[in-house]
Amino acid sequence: MKTLLLITMTLLGGISQTVRADDTVERGRYLSVAADCVACHTSPKQGKPYAGGYAIASPLGEIWASNITPSKSHGIGNYSEADFAKAVREGVRKDGAHLYPAMPYTSYAKLTDEDIHALYVYFMQAVAPVDEEAHATELPFPFSVRSSMAVWNLLFLDKKPFQPDPAKGAQWNRGAYLVEGLAHCSSCHSPRGLMMQEVGGKAFAGGSLGDWYAPNITSHPISGIGGWTDDELAQYLKTGRVAGKGQAGGGMAEAVTNSLSKLRDEDIRAIVTYLRTVPAVADKDATRAAFAWGDAATTPGEQPVRGTDAPIASGAVLYSGLCASCHGSRGEGSQDGYYPSLIHNSTVGMARPQNLVATIIGGIDREVDGKHVLMPHFSEGSFVQALSDADVAAVASYVRTSFGPGDQVTEAQVALIRDGGEKPLLAKIARLWLPLLILGLAAFIGVILLLRRAWKKRTQRRASA
């Protein structure tokens, strides 16, 4: 009997340990979804999960995501949990090399020890190792000097883990942890300073992502999300669309597809709760909420662009031929809502036309719960029609005039967005490093020659004296 009891207790103990281990793996899996790890660390061209091969477009050049499978030859298979924590929270690899903050370790620094442990267990035990080398990042000098990130971290990395606010409720604190940490929302939705750091005083006030623009998600009723209801915000995060408000595209479509749509409803509600309390930041260019613009247009024809004498007949013709079959001749969209209305549409009504142009150039690709939303792009290789910069400017001007703020989109604006958007000052300065270096060397050599000549003359005078 004692032997049978001992065997039973041993088996139960083993089962209990297995359940606890399985719980940790499942928790780590969920955390990886909340952190959207798969979006960056998996190649969009049928890549193997977490094996790298995704190029993150940054203003300083393409930053390629690494292989984070437990491969011992090409991934993180040789990482201890301490090595893993240092990479995730501080952006420092096992070999001591620094990561670029395109990997949002500035947000992940807030993760708790328990969540770091769960993530480590998940990646080491549940992710299949892939013995393939990921594409290496090769930024131009001086950004290629990874050790410079040590100085950047000293200036801008806050290593303090998340501390719950005892004056707030559990739901608010959970939302704060997700928004500020795991979901790293500020990485996209905050403006960047001279050194590409997030501008703290304008957190979540919107930021340029090259060709796309991550909008203001502060509580401001006009510039931000203050005019959205809680249910609308939750629906947008889970599905990527809300009729009469907006649709997710670009990086947000990826976040919805890979991460937000897979979060538990209580976590989505927590995110909404926290965002409601983010201090409002006004955009001086926004005179009306982005979703508040728009009236059904009359039959497309020649109309003047507001504020100019230029007709947009060509834009109306392009709209009629390429857009009206889906979005309706008057911008009303399809009856089932699959093709969104352009009336009361945040992409159309934003203070800047950046996302509208990016949508035309790059299209929309979003999948939630097996439902695939696809708008074809109109760039080179389009299965519909490739549009020139002038064509995109014309149709965007027609849409903005008919359903939005009424400004004119120029060909130069389109060309800039197609080229990856406005480059930050740091990138512009860095481009001058070689000319400045040459000028500096030339000036140095010139000074040496002048000093040498002066020394020779002085020596000659002494000799003749």
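The preceding data block contains the structure.
Residues numbered from 1 in each chain as written. Predicted model: local features only at pLDDT ≥ 70, side-chain atom pairs only at ≥ 80, totals over all residues. Heavy atoms only, no water.

A.B. asks: Please set out unusual backbone geometry residue by residue, giving values where relevant.
C.D. replies: You will see that methionine 196, though not glycine, has its phi angle at about 65°, which is positive. Tracing the sequence through the fold places methionine 196 in the loop between helix 8 (186-189) and strand 3 (207-209). Of note, the phi angle at phenylalanine 204 is positive, near 70°, even though the residue is not glycine. (Helix = DSSP H or I, 4+ residues; strand = E, 2+ residues; numbered from the N terminus.)

A.B. asks: Quick rundown of the pairing of strand 2 (residues 61-64)? Include the residues and the values.
C.D. replies: Judged from the four bridges that link them, strand 1 (residues 55-58) and strand 2 form a sheet pairing that is antiparallel. Bridge pairing links alanine 55 to tryptophan 64 in strand 2. Once strand 1 ends, the chain turns through two residues before running back antiparallel as strand 2. (Pairing = 2+ DSSP bridges.)

A.B. asks: Describe in detail the state of the cysteines, supporting the description with residues and values.
C.D. replies: For the coordinates displayed, the defined rule picks out zero disulfides. We note that cysteine 185 lacks a disulfide partner, and the nearest cysteine sulfur, in cysteine 188, lies 8.6 Å from it. Just so you know, cysteine 188 is unpaired, no disulfide at all, and the nearest cysteine sulfur is the one on cysteine 40, 8.5 Å from it. (Disulfide = S-S within 2.5 Å.)

A.B. asks: I'd love a proper account of helix 7 (residues 170-182), names of residues and values included.
C.D. replies: If you check helix 7, its first and last C-alpha atoms are 17 Å apart, about what 13 residues at 1.5 Å a residue would give, namely 18 Å. Along helix 7, the positions that sit buried rather than exposed are Trp172, Asn173, Gly175, Ala176, Tyr177, Leu178, Val179, Gly181 and Leu182. Remark: histidine 184 follows helix 7 within two positions and exhibits a positive phi of approximately 40°. (Expected span 1.5 Å × (residues − 1). Buried < 20%, exposed > 50% of the residue type's maximum accessible area, 1.4 Å probe, protein only.)

A.B. asks: Would you mind going over the nonpolar core in detail, with residue names and values included?
C.D. replies: Phe84, Leu111, Phe123, Leu182, Leu263 and Ile271 are the most contacted members of the largest nonpolar core, which has 57 residues in total. Take this core: its biggest share by element is seven residues, from helix 5 (residues 113-125). Listed in part, the 29 residues of the second largest apolar core include Leu387, Ala394, Val399 and Ile417. (Core = buried A, V, L, I, M, F, W, Y, C linked by side-chain atoms within 4.5 Å.)

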